[in-house]
Every structure is written in structure tokens, then in C-alpha cells.
Amino acid sequence: MLEASHITITIGTKVLIGDLSFILNRKDKIAIIGEEGDGKSTLLKCLLGLCDYATLTGTVKTWGKRIGYLPQFLPAEEKNQTVFSFLFHQLEEYYEKVNDFYRYLRELDLEDTILDKPMFVLSGGEQIKIQLLKLLLDRYDILFLDEPSNDLDLATILWLEKFIQQVDLPILYISHDEVLLENTANGILHLEQVRKKTRSRHTFLRIGYQEYVDLRLRELEKQEQQASFEAKEYEKRQQKLDQITKKVAYQQETISRRDPHGGRLLKKKMHNLKAQAKKLEAVSLTEYPDVEESIRLSFPQVEIPRQKKILELNHFSLTIGEKTLASSINLTVAGGEHIAIVGMNGSGKTTLLKEIVNRLKDRTDLVVGYFPQNYDEQLDEEKTPLAFLTKIGDKDELTLIRTQLGNLKVTSWEMEMPIRFLSGGTKAKILLVKLLLSRANVLLLDEVTRNLSPLSNPVIRQALSHYSGTVISISHDRKFLQEVVNRYYILSSCGLQEVRLDDLSHLNA
């Protein structure tokens, strides 16, 4: 239904994607994965002819099929529309689609009162739901979805999974949600920028996500073993050559002038040794893997007594203006606990976390680190990452900052450019380094894994699971909930209800 042949996408002189070919057939569910900035969203836009900052060469054939597109960010002009105007061009169209409209409305757990609201007042998850609703109502032949699960609550993510699994339409989609990928993808298109983001690489395989991860890990392990073996052999040859060269050089210095023949032999031998050295320098060794899985992250050990009361909310009412989002919230958090707050879109989770930030930020007995959902709350986008993270400015601090950013595969040129030019994933990494450097013993995290590659997220989760301080988090990442968190709460208009992990897996819209 869609055939892309020898696609190359460039931005200026940089090749973002080189010579990519693939076919999207009926019932295909092809997931595009990769780090932020590796070209995933750009590929979708270029295939649609909607990208004004990149150039595409090659051919794209759709044979007249209509492609529905859910963008990563809703255009400003559409945000200013009411939900009704966004969904329907005129009243007659509404009447034509009214039965499907109410069926999907129920499935997405939306009320028809939402029709009169401007799009911009909706939560991020509600906006995604409305965009999905429009795609369903307009009955496209092919769907392009750019991170559709990013702002969805757990119930709607489960609905989205079922939709992707059951719909006959071919879908090309981007996601960082590992469980969604495991449960829906029957093909993987992996875009990469390797060699310190100077060279593009892609892999396209018609296999499931977990099978792809397992295959990739085996190949990377082989590559690492081969690289290690070759490096050791190279070092042995280099050491042996150095020893012989030093010995011949010493002999040349000490040979008697009465032995010109011996001198000529040593000179010839030295010439041969230099030729061998040049050949050795030219040897091409297998490279160690330069991939997103190779990031390194480790939070420092912090001291916080297990019996210490970090937070206590008693019959707290959560409000925005005059609107009460939740009443009678009760929550007690002790030292070292890792808790998560989940709930439907618009229930007030981020508002509650900000309230907790305000309550804890002036506590002199705690060091609080905050990772916001909206990165602009913390980042000064006119500064470079180095300038933003620097507090003292001495050599040791700058070395530490560079090391920590480098461990997360932020390149040296990214460290020196204004933050506003960096991808969402790189901005997330800067905020993670800020948390590391703060040595906080309480972390307040709002969707910390949302913009990071599914292949690097396991490293983030492992680091947080071993973190010895307190974690209060909002997350819809099921892997995060399973591996990092030990207490779970659902926020609703009635307050917070503590639940088991199993209860979250059975949520329905």
C-alpha cells in the first residue's frame, strides 16, 4: 500500500537517513524506533511531503491511498479550534458520522461536553484522544502516528494497543513505550546516528520488538567480543614491534664504525620495521558498539532514614482556580519509598506533583530534585548544557559535567550549543544530569522516561530502581512501574487510592 524506494533525507549537508527502502503492506504495524534527533518524525513528515526543513530524494508510491497523520505536536491554528470544529467541517458531517462518533467517544472515555471546548484547554492526553478520534471518523487507508501514547493515561494506552492490534489498516508509528511496542509491532524500522552522531544507519526487519531487541543484543555482544579480541591482539603486535624497534635502535647506536656491513643490515631492518608500523596503523579494527543501549547512568548513594517522614497530606483538596480536581487527598511518604501516581488524563496528577514540589522545596532537611513534564520549567534554553549545569565553573566541575553528559551520549558539539536547538530526548538527559549532580535524596519525577529511546530506557530504570532515596513519580510507563516503583496510587476526583500493580494492568477505558 506504500512503497518507499532508496529514500535519502538530508538537512543541509547532514545525511539523516541514507538509502532506505521498505514496503508497508495491509495489516503491517511497523514501529519506528531510535533516539531523539535520529530522524523518526522527519521521516514521517517527508513521506507525507510536509517537511520544510529537510530534503527527500528517492520515490514514494501510495497508489492513491489516503494517509491519516497524527503529529507529535498539534499546529497552533488547530489548537485554537473548538473540538467540534477540529472534528467536523460542518454540521452535516457531524450528523453523517454521529453513530461512529458516540461509539468512539465512549471507548475513549470522553464526554460530548468536550465538543465546545477549545483544543488548547485540553490536557495533552485529551488532545491525543481527539486526534485519534478524528483519524477514526475520517476513515483513512493508512495511518502515520507520531508518538501517540506519549501523553495518554494507562487506560487509553491499553485501548490504543487493542486498536493497533485489531485494525486492518497498515500503520507506521513512532513510540517509546516498550510494552506497546512488544504488544503491537510486527516490524521494526530502527534509525540511528552512530560514530558520535556523524553517520546514519538504519535497520528494517519484519519481526516483533522483543525479538528484535534479543537479536540486536546478541549481535552487539558478538561485536563487543570481536572488538575486544582485536584490540588485545593489536596491542600485543604493537608492543612486540615497539620492543624490536627499540632493540634495533639501540644496536644502531652502539654498533662499531668498523662494521659497516652490520650497520647497513640494521638500517634495512629499521626500514622494514617502520613499514610494518605503518601497516599496523592502517589496520581497520572492529569498533566497539556506539549505540543508545551503551549509555551509563548511576545515581550517587544518598542517606535518608527509612522512618523519616518525607511528605504527609491529610484531607488535602486539589484545585485549579475555582475548580476542584480531587478532594480529601491523603498521602504519607517515608524515606526510601518509591511511589507512583497514575490516573486518567486531566485528573490533576501534574498539578498534585507541583504542589508536592512547593511543599518540599524549602525543607532544609531534604535535597529535592524535580524532573518536570514540561522541560521549559527547568531549562534555560538560551544557555548551553554546560553553562546551564555549571554552578562553580572550575575545571573539576566542568570535567564532571562533560563526563556525565558523555555517559548519556550527549556529544561535545551538543554540549556547546544553545539548549533550544536540542531534541526532547537530549533535553531530558540534561535534566537527568542535573538530578545526578544535585545529589538529591528525594526525586520528584513527572514522566521521566517519556522522551527517551526504548532501547536506552532500561538503563534509566535500572539506575532509578537502585536509587537509595525517595521517589515520588508520575508515569504511564508500565516497565517503569514494574521495575522502579513499590507503591501505587490512582488519583481521581475522590482523592488517592492505593492499589496493587496488578490492578493497574487491568484498567479499562
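Residues numbered from 1 in each chain as written. Predicted model: local features only at pLDDT ≥ 70, side-chain atom pairs only at ≥ 80, totals over all residues. Heavy atoms only, no water.

S.K.: Just give me the short version of the overall build of the chain, but keep the residues and values in it.
M.R.: Counting its secondary structure elements, the chain contains 17 helices and 17 strands. Expressed as a percentage of the 509 residues in the chain, the buried residues total 50%. A separation of at least 24 residues holds for 72% of the contacts in the chain among residues at least 6 apart in sequence. Accessible surface, the chain as shown: approximately 25,400 Å² in total, 49% of it carbon and sulfur. (Helix = DSSP H or I, 4+ residues; strand = E, 2+ residues; numbered from the N terminus. Buried < 20%, exposed > 50% of the residue type's maximum accessible area, 1.4 Å probe, protein only. Contact = heavy atoms within 4.5 Å. Areas by Shrake-Rupley, 256 points an atom, 1.4 Å probe, with all protein chains shown as cover.)

S.K.: Mind laying out the confidence of the model for the chain, listing which residues take part and the relevant values?
M.R.: Chain-level pLDDT for the chain is 90 on average; 98% of the residues reach the 70-or-more range. The element-level mean pLDDT for the chain is lowest in helix H17 (residues 501-505), coming to 79, with strand S15 (residues 470-474) highest at 97. (pLDDT = per-residue confidence, 0-100.)

S.K.: Can you break down helix H14 (residues 424-438) residue by residue, with the values?
M.R.: Along its 15 residues, H14 runs 21 Å from first to last C-alpha, staying within 8% of the 21 Å computed at 1.5 Å per residue. Extensive coverage of H14 is indicated by the burial of 11 of its 15 residues. Within the sequence span of H14, burial applies to Gly-425, Thr-426, Lys-427, Ala-428, Lys-429, Ile-430, Leu-431, Leu-432, Val-433, Leu-435 and Leu-436. The inward-facing, buried residues of H14 abut strand S13 (368-371), helix H11 (385-389), helix H12 (395-407), helix H13 (412-415), strand S14 (442-446) and helix H15 (457-465). (Expected span 1.5 Å × (residues − 1).)

S.K.: Now, about the pairing of S15: what can you tell me, with residues and values included?
M.R.: Counting buried positions over the 5 residues of S15 gives 5, a clear majority of the element. Bridge count for strand S12 (residues 338-343) against S15 is 4 bridges, and the pairing is parallel. What sits directly across from Ile-341, in S15, is Ile-474. In the classification by handedness, the crossover that spans S14, the intervening H15 and the parallel S15 is right-handed. (Pairing = 2+ DSSP bridges. Right-handed = clockwise from strand over helix to strand, strands pointing away.)

S.K.: Would you mind going over the sheet that holds S14 in detail, with residue names and values included?
M.R.: Two modes of strand pairing occur in sheets, parallel and antiparallel, and in both the strands are linked by backbone hydrogen bonds. Here we have 6 strands laid out as an open sheet, ordered S13-S14-S15-S12-S16-S17, and mixed in their pairing. Of all strands in the sheet, those bounded by a partner on one side alone are S13 and strand S17 (495-499). Sheet twist, expressed as the mean angle between neighbouring strand axes with direction ignored, is 20°. The sheet contact formed by S13 and S14 spans 4 bridges and is parallel. Paired with Gly-369 across the strands is Leu-443, a residue of S14. Taken strand by strand, helix H10 (residues 349-360) contacts S12, S13, S14, S15, strand S16 (487-492) and S17, and its axis lies near 155° from that of S14. (Axes fitted to C-alpha atoms, helices over the stretch in contact; angles between N-to-C directions.)

S.K.: Please set out a negative patch on the surface residue by residue, giving values where relevant.
M.R.: The grouping of Asp-109, Glu-111, Asp-112 and Asp-116 at the surface amounts to a negative patch. Along the chain, the position of Asp-109 falls in the loop between helix H4 (91-107) and helix H5 (124-138). On the accessibility criterion, Asp-109 (43% relative accessible area) is partly exposed. (Patch = residues over 30% accessible without salt bridge, like charges linked within 9 Å, V, L, I, M, F, W, Y side chains within 5 Å. Salt bridge = Lys/Arg side-chain N within 4 Å of Asp/Glu carboxyl O. Lys, Arg positive; Asp, Glu negative; His and termini not counted. Charge placed at Lys NZ, Arg CZ, Asp CG, Glu CD.)

S.K.: How would you sum up the packing of H12 against H14? Please name residues and give values.
M.R.: Two elements in contact, H12 and H14, have axes separated by 10 Å at closest approach and are oriented at 130°. The angle between the axes of H12 and H14 places the two elements in the oblique class. Note on packing geometry: the crossing formed by H12 with H14 is right-handed. On the side of H12, the interface is formed by Leu-400, Ile-401, Gln-404 and Leu-405, while H14 contributes Ile-430, Val-433, Leu-436 and Leu-437. (Parallel < 35°, antiparallel > 145°, perpendicular 65-115°, else oblique. Left-handed = near helix turned anticlockwise from the far one by under 90°.)

S.K.: So what's going on with the side chain of Ser-456? Which residues, and what values?
M.R.: With respect to the helices and strands, Ser-456 occurs in the loop between S14 and H15. Excluding its chain neighbours within four sequence positions, the residues that come into contact with Ser-456 are Glu-292 and Ile-295.

S.K.: Mind laying out the packing of helix H8 (residues 209-254) against helix H9 (residues 260-281), listing which residues take part and the relevant values?
M.R.: Relative orientation and spacing of two packed helices are given, respectively, by the angle between their axes and the distance between those axes. The N-to-C vectors of H8 and H9 enclose an angle of 160°; their axes lie 10 Å apart at closest approach. One finds that H8 runs roughly antiparallel with respect to H9. Handedness of the H8/H9 crossing: left-handed. Across the interface between the two elements, Tyr-234, Arg-237, Gln-238, Leu-241, Ile-244, Thr-245, Val-248, Ala-249, Gln-251 and Gln-252 from H8 touch Leu-266, Lys-267, Lys-269, Met-270, Leu-273, Gln-276, Ala-277, Leu-280 and Glu-281 from H9. The class makeup of the residues in the contact of H8 with H9 is 10 nonpolar, 5 polar and 4 charged. (Nonpolar A, V, L, I, M, F, W, Y, C, P; charged D, E, K, R; others polar.)

S.K.: Report on the pairing of strand S7 (residues 171-174), specifying residues and quantitative values.
M.R.: Successive residues of a regular strand alternate their side chains across the two faces of the sheet. Judged by which residues are buried, S7 turns out to be covered on both faces: Ile-171 and Tyr-173 on one side and Leu-172 and Ile-174 on the other are all buried. The sheet contact formed by strand S3 (residues 29-33) and S7 spans 4 bridges and is parallel. Bridge pairing links Lys-29 to Ile-171 in S7. With 4 bridges joining them, strand S6 (residues 142-146) and S7 adopt parallel strand pairing. The partner of Asp-146 across the bridge, within S7, is Ile-174.

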